[in-house]
Amino acid sequence: MTDLTATELLQKQAAGDLTAASITSAFLNRIRQYDPALRAFLHVEEAAALQHAEAIDAKRKAGQPLGKLAGLPIAVKDVLCTKGRRTTAGSKILQNFVPPYDAHVITRLKDADAILIGKTNMDEFAMGSSTENSAYQVTHNPWALDRTPGGSSGGSAAAVAASQTSLAIGTDTGGSIRQPAAFCGIVGMKPSYGRVSRFGLIAYGSSLDQIGPLAHDLRDAALLLEVIAGHDPRDSTCVNMPVPEYTKMLDQPIKPLTIGVPVEFLPSPSGSGAGGEGAGLDPEIETAIRAALNVYESLGATIKPISLPHSPYAIAVYYLVATAEASSNLARYDGVHFGQRAEKFAGLIDMVKKSRGAGFGTEVKRRIMLGTYALSSGYIDAYYLKALKVRRLIRQDFDRAFAECDVVIGPTAPTPAFKIGEKTADPLAMYLSDIYTISANLAGIPGISIPCGFTKAGLPIGLQILGAPFTEEKLLRVARMHERETDWHKRRPPLE
Amino acid sequence: MSLSADEVRLVADLARLELSDADVADMATQLSAIVDYINQLQRVNTDGVEPLAHALDLRDVFRDDVLGQSLSADAALANAPARKGDFYRVPPVFGE
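Remember, it's a predicted structure, so these values are computed and weren't measured experimentally.

S.K.: Can you lay out the overall build of chain A for me, pointing to particular residues and giving the numbers?
M.R.: The helix and strand inventory of chain A stands at 16 helices and 11 strands. Relative to its length of 496 residues, chain A is compact, with a C-alpha radius of gyration of 21 Å against a globular reference of 23 Å. A principal-axis box enclosing the C-alpha atoms of chain A has dimensions of 65 × 60 × 45 Å. With 496 residues in all, chain A has 66% of them scored as buried. A separation of at least 24 residues holds for 76% of the contacts in chain A among residues at least 6 apart in sequence. Carbon and sulfur atoms provide 51% of the accessible area of chain A, an area that totals close to 15,900 Å². Seen as two clouds, the 52 positive and the 50 negative side-chain charges of chain A have centres 3 Å apart.

Next up, the structure:
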């Protein structure tokens, strides 16, 4: 039962074959069985989830109206505030933090009658690409336990891949939904900047952060996006635009369809125009991406080689913009209002320094330091403002691409899931694993990763599709065209 | 370009982060490597390019000045490491 998609589980409840309580018990069993090895969850809501499921079943029995996700367990990255429930952001500094309110997305999920089954592991404050930066535990990839699930939403991605839940929520500041989705063989979507309210999301890089769905397939991802997207006056960056019913048009192909393939993401077959990035691409991934493009060609799409000339600078821009914003956002952890306070200190400033020094992990400190440096007097023009100018050039590259293409397609990540510990000693090497995903956050555009194959060693490969701002519906439909022709999304990891 | 231990200590002070001596040494090496990588941005011609702080064309959002729901003092203070009555409690700000 746990291998079913969310949509199938909804159908079976409607038909009277399954109850919310039986579904929730099955997923809780699965968590009990496999999480000691996977470590995807930081907190599991056994009693509350079962109680909620029984309430949903009672509502159904009484013939009351039910929400779009009625009776479906969902796992949420531990960076979204849950009222009265511990929320840690994977950090020691928040180990006892119990939010006094729900994030907007949590309210939306509750209104849709979804059941919160647990909070998932993540890189501390969403800073990382492997979930190894969690202060609590290392999450393992369900396809190969010695490998990372990617990050920073690695717990959410691993939980879906391992069928510990059929739906999960992640956040994406530089690729943190799409890259783990690729590493774990599932669907993960970062919506446009402004599509989903961040109210109650513990902030990292506020001009980049977005919340999005992780699921087995596109119908489930579309359904979850439908529930969480839309205006919320409590996030002033959340736009007031109607939310399409993404599930409704999902099976309608986009015709005609022009797909832009950037030479910076995928070297041209003749070898010309291979940028520094394309050159670092794993050959097995390159083969899988070309196979996916062949699927689209067989469906009548036009494949157009394009260039995003400033994309090679995206990582450098990101590590100035994101860290500058982080250094400001994380200033609130001062040992005064919430979070840990050091036990011994000499005066106020020393209390702040010691609380932060003890509460933050190495990567968080590194990013706060880099951001503080980039914003400090004498460097702000050369680093921060320069980065914002190149950011505009990156956005303009995309604007030009979308003037002549419906979508841009390439790999989600340059390599399949890497080994636990492989990149922890070299922060820059870790940063480079986000090379294809990061520019979407800088430009504010939506992006999705879908399964498109496996390496010979059995590791999943992700195809990334990017679109113009607020074209989520088109992205999902284009992705669905590939999904209908393939069955990669139906594979489940062989856990024992 | 490389950052000295003293520069690292200065930035740590600005960021209000206590670092051990070992942290300072590691940070100097790693930040130097990252700053070297980031310096490739100097190659990009950005003459006449406006900085892009945000992907959206944002306007200020106004609302009517009416009372809405808000947290009670107890809820707001529930996570405070130290409180006194309805206040956050901190060590003395001016001198010892």
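There's plenty left to go through after this.
S.K.: Tell me what's going on with the overall build of chain B, and back it up with residues and numbers.
M.R.: Scanning chain B from N- to C-terminus turns up 3 helices and 2 strands. Listed N to C, the secondary structure of chain B is α-α-α-β-β in terms of helices and strands. The C-alpha atoms of chain B give 23 Å as radius of gyration, which overshoots the globular expectation for 96 residues (12 Å, by more than 25%). On the principal axes, the C-alpha backbone points of chain B span a range of 50 × 45 × 25 Å. In chain B, which comprises 96 residues, the proportion classed as buried is 29%.

S.K.: Summarise the interface of chain A and chain B; cite the residues concerned and give the values.
M.R.: Across the contact, 67 residues belong to chain A and 53 residues belong to chain B. Taken together, the links from chain A to chain B amount to 2 salt bridges. A salt bridge links Lys354(A) to Glu18(B), with the nearest nitrogen and oxygen atoms 3.4 Å apart. Only helix H10 (314-329), helix H11 (348-359), helix H12 (362-375), helix H13 (380-404), helix H14 (427-431) and helix H15 (438-443) of chain A provide two or more residues apiece to the side of chain A that touches chain B. Among the elements that line the side of chain A that touches chain B, the one with the most residues is H13(A), at 12 residues.

S.K.: Any details on helix H2 (residues 21-38) of chain B? Residues and values, ideally.
M.R.: With 18 residues, H2(B) extends 25 Å from end C-alpha to end C-alpha; this agrees with the ideal 26 Å at 1.5 Å per step. Packed against the buried residues of H2(B) are H10, H12, H13 and H14 of chain A together with helix H1 (5-14) of chain B.

S.K.: I'd love a proper account of the packing of aromatic side chains, names of residues and values included.
M.R.: All names here are of chain A. In total, this model carries 16 aromatic pairs over all chains according to the counting rule given. A centroid spacing of 5.6 Å and a plane angle of 70° characterise the contact between tyrosine 333 and phenylalanine 338, whose relative ring orientation is edge-to-face. Taken together, the ring pairs connect Phe97, Phe125, Tyr333, Phe338 and Phe360 into an aromatic cluster. Lying across the ring of phenylalanine 199, arginine 234 places its NZ or CZ 4.0 Å from the centre. For lysine 423, the ring lying beneath its charged end belongs to phenylalanine 418, and the centroid distance is 5.0 Å.

S.K.: Kindly report on the nonpolar core, identifying the contributing residues and their values.
M.R.: Residues and elements named next belong to chain A. Of all hydrophobic cores here, the largest spans 159 residues; its most connected members are Leu69, Leu109, Phe125, Ile169, Ile228, Tyr296 and Ile465. Here the element with the most residues in this core is H10; it accounts for 11 residues. Each residue touching isoleucine 228, except ones within four places of it in the same chain, is listed here: Val105, Arg108, Leu109, Ile169, Val196, Ile211 and Gly212.

S.K.: Lay out the packing of H12(A) against H13(A) in plain terms, naming residues and giving numbers.
M.R.: Residues and elements named next belong to chain A. Between H12 and H13, the shortest axis-to-axis distance is 7 Å and the interhelical angle comes to 110°. Judged on the interaxial angle alone, H13 and H12 are roughly perpendicular. Packed against H12, whose contacting residues are Tyr373, Ala374 and Leu375, the element H13 presents Ile380, Tyr383 and Tyr384 at the interface. Residue composition of the contact of H12 with H13, grouped by class: 6 nonpolar, no polar and no charged.

S.K.: Give a description of the pattern of salt bridges that names residues and reports values.
M.R.: Residues and elements named next belong to chain A. According to the stated counting rule, one finds 29 salt bridges over all chains in the structure shown. Close ionic contact of arginine 178 with aspartate 172 constitutes a salt bridge, the shortest N to O distance being 2.9 Å. For arginine 178, a relative accessible area of 0% translates into the label buried. We classify aspartate 172 as buried; its relative accessible area is 0%. Across the pair arginine 198 and aspartate 235 runs a salt bridge, and its minimum N-O distance is 3.1 Å. In this pair, arginine 198 sits in the loop between strand S5 (187-190) and strand S6 (210-215) while aspartate 235 sits in the loop between helix H7 (218-228) and strand S7 (258-262), placing the two residues 37 residues apart along the sequence. Through salt bridges with shared partners, a single ionic network connects Arg219, Asp251, Arg480, Glu483 and Arg484.

S.K.: How would you explain the side chain of Glu264(A) if you had to name every residue and give the values?
M.R.: All names here are of chain A. Mapped onto the secondary structure, glutamate 264 falls in the loop between S7 and helix H8 (276-279). Buried charge without a salt bridge: glutamate 264, with arginine 400 as the nearest opposite-charge side chain at an N-O distance of 10 Å. A polar side-chain atom of glutamate 264 sits 2.8 Å from the main-chain amide nitrogen of leucine 308.

S.K.: Describe the sheet that holds strand S3 (residues 115-120) of chain A, with residues and values.
M.R.: Residues and elements named next belong to chain A. Reading across the sheet, the 11 strands line up as S1-S3-S2-S4-S6-S5-S10-S11-S9-S7-S8 and stay open at both edges, with mixed pairing between neighbours. Each having just a single partner strand, strand S1 (41-44) and strand S8 (302-306) make up the two edges of the open sheet. Direction aside, neighbouring strands of the sheet carry axes that sit 30° apart on average. Contacts between helix H9 (residues 283-298) and the sheet are confined to S7, S8, strand S9 (407-411), strand S10 (447-454) and strand S11 (460-466), with S11 contributing the most and set at about 55° to the helix. Strands in contact with helix H16 (residues 472-485) are S5, S9, S10 and S11; relative to S10, the strand with the most contacts, it is inclined by about 10°.

S.K.: How would you summarise the packing of H7(A) against H16(A) if you had to cite specific residues and measurements?
M.R.: All names here are of chain A. The interhelical angle for the contact between H7 and H16, taken along N-to-C directions, is 165°, at an axis separation of 10 Å. With respect to H16, the element H7 is oriented roughly antiparallel. Considering the relative orientation of H7 and H16, their crossing is left-handed. Taking contact as the criterion, the partners of Leu218, Ala222 and Leu225 in H7 are, on H16, Glu472, Leu476, Ala479, Arg480 and Glu483. Of the residues assigned to the contact of H7 with H16, the class counts are 5 nonpolar, no polar and 3 charged.

S.K.: I'd love a proper account of unusual backbone geometry, names of residues and values included.
M.R.: The amide bond that connects Gly151(A) to the next residue, Ser152(A), takes the cis arrangement and shows omega of 10°. Mapped onto the elements of the fold, Ser152(A) is located in the loop between S3 and helix H5 (154-161). For the peptide bond that leads from Lys255(A) to Pro256(A), omega is -5°, which places it in the cis range. Of note in this structure, Ala126(A) is not a glycine but carries a positive phi near 65°. With respect to the helices, strands and loops of the structure, Ala126(A) is situated in the loop between S3 and H5. One non-glycine residue, Arg16(B), lies in positive phi territory at about 55°. Relative to the elements of secondary structure, Arg16(B) occurs in the loop between H1 and H2. We classify Arg16(B) as partly exposed; its relative accessible area is 31%.

What counts, and where the lines are drawn
- Residue numbering note: each chain is counted from 1, following its sequence as written.
- As they are written, the chains are lettered A onward and the ligands numbered 1 onward, keeping that order.
- Owing to the predicted nature of the model, reporting of local features is limited to residues with pLDDT of at least 70; listing and counting of side-chain atom pairs is limited to 80 or more, with chain, interface and lining totals taken over all residues.
- Side-chain figures throughout are based on the complete set of non-hydrogen atoms in the structure, without hydrogens or water.
- A run of H or I in DSSP counts as a helix once it spans at least four residues, and a run of E counts as a strand once it spans at least two, with each numbered from the N terminus.
- To get the radius of gyration, use the C-alpha atoms; to get the globule rule, take the number of residues to the power 0.38 and multiply by 2.2 Å.
- The buried label applies to any residue whose accessible area, calculated with a 1.4 Å probe on protein chains only, is under 20% of its type's maximum; exposed applies above 50%, and partly exposed to all values in between.
- It only takes one pair of heavy atoms within 4.5 Å for two residues to be counted as in contact.
- Accessible surface area values rest on a Shrake-Rupley calculation with a 1.4 Å probe, where residue burial reflects the displayed protein chains alone.
- Positive charges come from Lys and Arg alone, negative charges from Asp and Glu alone, with His and the N- and C-terminal ends not counted.
- A single reference atom marks each charge: NZ on Lys, CZ on Arg, CG on Asp, CD on Glu.
- A side-chain nitrogen of Lys or Arg and a carboxyl oxygen of Asp or Glu constitute a salt bridge if their distance falls within 4 Å.
- Helix span is expected to be 1.5 Å times the residue number reduced by one.
- In this scheme Phe, Tyr and Trp rings, the latter by its six-membered ring, pair at centre separations within 6.5 Å, and the angle between planes marks the pair as stacked below 30 degrees, edge-to-face above 60, and tilted otherwise.
- Put simply, a charge is over a ring when the Lys NZ or the Arg CZ is close to the ring centre, within 6 Å, and near the line of the ring normal, within 35 degrees.
- Among the buried residues, those of types Ala, Val, Leu, Ile, Met, Phe, Trp, Tyr and Cys that are joined through side-chain atoms within 4.5 Å form a nonpolar core.
- Fitted lines through C-alpha atoms serve as axes, helices being fitted only where they are in contact, and the angles separating the N-to-C directions of these axes extend from 0 to 180 degrees.
- Just so you know how the angles are binned, under 35 degrees is roughly parallel, over 145 roughly antiparallel, 65 to 115 roughly perpendicular, and the rest oblique.
- Here the nonpolar group is Ala, Val, Leu, Ile, Met, Phe, Trp, Tyr, Cys and Pro; Asp, Glu, Lys and Arg are the charged ones; every other residue, Gly included, is treated as polar.
- By the criterion applied in these results, polar contacts are pairs of N or O atoms within 3.5 Å in which, for protein atoms, one can donate a hydrogen and the other can accept it, and in which residues neighboring in sequence qualify only through two side-chain atoms.
- Think of it this way: DSSP has to see at least two bridges between two strands before they count as a pair.
- Note on convention: the crossing is left-handed when the near helix lies turned anticlockwise from the far helix by less than a right angle, right-handed when the turn is clockwise.

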